[in-house]
Amino acid sequence: MYRSYRLAALGFGVCMMSGCTPSTPELAPVAQHEETKQTEVANVDVKDETEFLPTRIQEVHWKLIGVEGKAVIALAGEREAYLILKLENRRLQGFGGCNILLGTYTLDETSQRVGFDKVASTMMACPRLQDERDFLNALSKAQTYKIEEGVLLLQKEGKTLLSFEAVL
């Protein structure tokens, strides 16, 4: 008796589910609509990305990507070197790859001149300490800057010393 109830319930469920199943869907219009939709989204994404690229040097998280022509790549599990130039009191804060960085800076946005003063760091040792020293040495030489497509270039006499990528 119990078995016949189970079979009846199963049969009823199958009938209900097959009655709710839509007929053969029209695939072509849906696929065409989705393709158009994806194209529109792609165009919007490209526009939005360029809209948000920074045009000013201050209050942006700048990740270090190059020191005097050499690419900087953080190893797995390592923190990335970065700078943030704070508006308040023209303070510099960042991380050099081993140590926390603090200091001050001067800035003339009209002539795109920049200088870094009294940059200090904590005194931790690590395997990439020489890379950090190269970073700080180049930073002390910087005189001008350019921002091109979300990349900050710190330069001296037209030569790029440091390059940074904006982290959005």
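This text gives an overview of the structure that appears in the document.

Cut-offs and rules
Residues numbered from 1 in each chain as written. Predicted model: local features only at pLDDT ≥ 70, side-chain atom pairs only at ≥ 80, totals over all residues. Heavy atoms only, no water. Helix = DSSP H or I, 4+ residues; strand = E, 2+ residues; numbered from the N terminus. Buried < 20%, exposed > 50% of the residue type's maximum accessible area, 1.4 Å probe, protein only. Contact = heavy atoms within 4.5 Å. Core = buried A, V, L, I, M, F, W, Y, C linked by side-chain atoms within 4.5 Å. 1 Å grid on protein atoms, 1.4 Å probe; cavity = no way out; pocket = protein on both sides within 12 Å on 5 of 7 lines; lining within 4 Å. Points joined across faces, edges and corners; volume = space filled by probe spheres on them. Nonpolar A, V, L, I, M, F, W, Y, C, P; charged D, E, K, R; others polar. Pairing = 2+ DSSP bridges. Salt bridge = Lys/Arg side-chain N within 4 Å of Asp/Glu carboxyl O.

## Quick word on the overall build of the protein chain
Secondary structure assignment for the protein chain yields three helices and nine strands. Listing the helices and strands of the protein chain from first to last along the sequence gives α-α-β-β-β-β-β-β-α-β-β-β. Sorting the 168 residues of the protein chain into buried and exposed places 28% on the buried side. Contacts in the protein chain between residues at least 24 apart in sequence constitute 48% of all its contacts with a sequence separation of at least 6.

## Observations regarding the side chain of Q155
Examined against the element boundaries, Q155 turns out to sit in strand β8 (residues 151-156). On the basis of relative accessible area, Q155 is assigned to the buried category, the value being 7%. With near-sequence residues (within four places) excluded, Q155 lies in contact with A142, Q143, T144, K146, T160 and L161.

## Considering unusual backbone geometry
Even without being a glycine, Q112 presents a positive backbone phi close to 55°. With respect to the element layout, Q112 can be found in the loop between β5 (100-108) and β6 (113-121). Phi at E149 takes a positive value of approximately 50°, unusual for a residue other than glycine. Inspection of the secondary structure puts E149 in the loop between β7 (144-148) and β8.

## Here we look at the environment of R90
By the secondary structure assignment, R90 is in the loop between β3 (82-85) and β4 (91-95). In this structure, the C-alpha to C-alpha distance between R90 and T104, residues 14 residues apart in sequence, is 5.7 Å. Discounting residues that sit within four places of it in the chain, R90 has contacts with Q58, G103, T104, Y105, T106 and L107.

## Focus: the nonpolar core
With 26 residues, the main nonpolar core has I57, F116, F135, L154, L162 and F164 as its most contacted residues. Elements supplying a minimum of two residues to this core: β1 (62-67), β3, β5, β6, α3 (129-141), β7, β8 and β9 (159-166). With four residues, the single largest contributor to this core is β9. Excluding its chain neighbours within four sequence positions, the residues that come into contact with L162 are L64, G66, V67, F135, A138, L139, L152, L153 and L154.

## Description of the layout of surface pockets
Of the volumes computed, that of the largest pocket is approximately 410 Å³. As for the largest pocket, its lining consists of 22 residues, and the residues nearest its centre are L64, V67, V72, R128 and D131. Ranked by the residues each element gives to the lining of the largest pocket, the list is headed by α3, at five residues. Split by residue class, the lining of the largest pocket holds nine nonpolar, three polar and ten charged.

## Concerning the pairing of β7
Where β7 and β8 come together, five bridges link them in antiparallel fashion. The residue of β8 that forms the bridge with I147 is L152.

## Quick notes on the pattern of salt bridges
Under the criterion given, the structure shown has six salt bridges. For K141, the salt bridge identified is with E68, shortest N-O distance 3.8 Å. Within this pair, whereas K141 is found in helix α3, its partner E68 is found in the loop between β1 and β2 (70-71), the two being separated by 73 residues in sequence.

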